[in-house]
Amino acid sequence: MTPERSRFPRSVYEAGDDPDPRFSLANERTFLAWIRTALAFVAAGLAVEALQVPVAAWLRVTISVLLVLAGVAATAQAWIAWVRTERAMRHLAPLPSSGLKLPIAVILGIVAIAVLVGVLG
């Protein structure tokens, strides 16, 4: 008989019952999709500055910072949503909605407007 391995984070795995593995794996795939999205935001922010996009310097820096902030928000979204969804599945509770999708969308909307202003201005 082998001892049960400790799983991280304990706050998620210590309570409730294990859900169907397919659901946990789907939750993990969603987490990884958010991480890929976050990586794309950060890479885009770095590219805007590194490639010296032909807009005003202050606007370029603003766009870069907003994209990197969107990447940070997407990373937070990934973790928070994964934890909340896993806990809900373990307790047979309704799946939660996430609160960070709107701020990420707003940041990207501001970036799009800034790019448009920079290109047309």
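Relevant structure appears above.
Bear in mind that the values here come from a model prediction, so they are computed numbers and not experimental data. (Residues numbered from 1 in each chain as written. Predicted model: local features only at pLDDT ≥ 70, side-chain atom pairs only at ≥ 80, totals over all residues. Heavy atoms only, no water.)

**Examining the overall build of the protein chain**
At step 1: Within the protein chain, the regular secondary structure consists of 4 helices and 0 strands.
At step 2: Moving toward the C terminus, one meets the helices and strands of the protein chain in the order α-α-α-α.
At step 3: Each principal axis of the C-alpha atoms in the protein chain carries an extent, and together these give about 65 × 30 × 20 Å.
At step 4: Buried positions account for 30% of the 121 residues belonging to the protein chain.
At step 5: Residue pairs in contact within the protein chain that sit at least 24 positions apart in sequence constitute 73% of those at least 6 positions apart.
At step 6: Treating the 11 positive side-chain charges of the protein chain as one cloud and the 8 negative ones as another, the clouds have centres 6 Å apart. (Helix = DSSP H or I, 4+ residues; strand = E, 2+ residues; numbered from the N terminus. Buried < 20%, exposed > 50% of the residue type's maximum accessible area, 1.4 Å probe, protein only. Contact = heavy atoms within 4.5 Å. Lys, Arg positive; Asp, Glu negative; His and termini not counted. Charge placed at Lys NZ, Arg CZ, Asp CG, Glu CD.)

**Some points on the packing of helix α2 (residues 21-50) against helix α3 (residues 57-90)**
At step 1: Two elements in contact, α2 and α3, have axes whose closest approach is 7 Å; the angle formed by their N-to-C orientations is 170°. By the criterion of interaxial angle, the relationship of α2 to α3 is roughly antiparallel. (Axes fitted to C-alpha atoms, helices over the stretch in contact; angles between N-to-C directions. Parallel < 35°, antiparallel > 145°, perpendicular 65-115°, else oblique.)

**Some words on the pattern of salt bridges**
At step 1: A full pass over the atoms with the stated rule returns 3 salt bridges.
At step 2: Its salt-bridge partner being Asp 18, residue Arg 90 comes within 2.5 Å of it at the nearest N-O pair. Residue Arg 90 is found in helix α3, and its partner Asp 18 is found in the loop between α1 (10-13) and α2; the two are separated by 72 residues along the sequence.
At step 3: Note on Arg 90: relative accessible area 6%, which makes it buried.
At step 4: In this structure, Arg 60 and Glu 49 form a salt bridge, with 3.4 Å as the shortest nitrogen-oxygen distance. Here Arg 60, found in helix α3, pairs with Glu 49, found in helix α2; they are 11 residues apart in sequence, far enough to count as distant.
At step 5: Note on Glu 49: relative accessible area 28%, which makes it partly exposed. (Salt bridge = Lys/Arg side-chain N within 4 Å of Asp/Glu carboxyl O.)

**Comments concerning the packing of aromatic side chains**
At step 1: One pass over the full model with this rule turns up 4 aromatic pairs.
At step 2: One aromatic cluster is present, formed by Phe 8, Tyr 13, Phe 31, Trp 79 and Trp 82 through successive ring pairs. (Phe/Tyr/Trp six-rings, centres within 6.5 Å; stacked < 30°, edge-to-face > 60°.)

**Brief notes about the side chain of Arg 90**
At step 1: Engagement of the side chain of Arg 90 in a polar contact is seen with the backbone oxygen of Tyr 13, the distance being 2.9 Å.
At step 2: Setting aside residues up to four positions removed in sequence, Arg 90 forms contacts with Arg 7, Val 12, Tyr 13, Ala 15, Gly 16, Asp 17, Asp 18 and Pro 19. (Polar contact = N/O pair within 3.5 Å; in protein donor to acceptor, adjacent residues only side chain to side chain.)

**A closer look at the packing of α3 against helix α4 (residues 101-120)**
At step 1: Contact geometry for α3 and α4: axes closest at 9 Å, N-to-C directions at 160°. The pairing of α3 with α4 is recorded here as roughly antiparallel in orientation. Relative to α4, α3 is oriented so that their crossing is left-handed. Judged by residue contacts, Leu 59, Ile 63, Leu 66, Leu 67, Ala 70, Ala 73, Ala 74 and Gln 77 of α3 engage Lys 101, Ile 104, Ile 107, Leu 108, Ile 110, Val 111, Ala 114, Val 115 and Gly 118 from α4.
At step 2: Grouping the amino acids of the contact of α3 with α4 by side-chain chemistry returns 14 nonpolar, 2 polar and 1 charged. (Left-handed = near helix turned anticlockwise from the far one by under 90°. Nonpolar A, V, L, I, M, F, W, Y, C, P; charged D, E, K, R; others polar.)

**Here's the deal with α2**
At step 1: Along its 30 residues, α2 runs 43 Å from first to last C-alpha, staying within 8% of the 44 Å computed at 1.5 Å per residue.
At step 2: Inspection of α2 places Ser 24, Asn 27, Trp 34, Ala 38, Phe 41, Gly 45 and Val 48 among the buried residues, and these make up the whole buried set.
At step 3: Each element contacted by the buried residues of α2 is listed here: α3 and α4. (Expected span 1.5 Å × (residues − 1).)

By themselves, these figures tell us nothing about what the structure is for.
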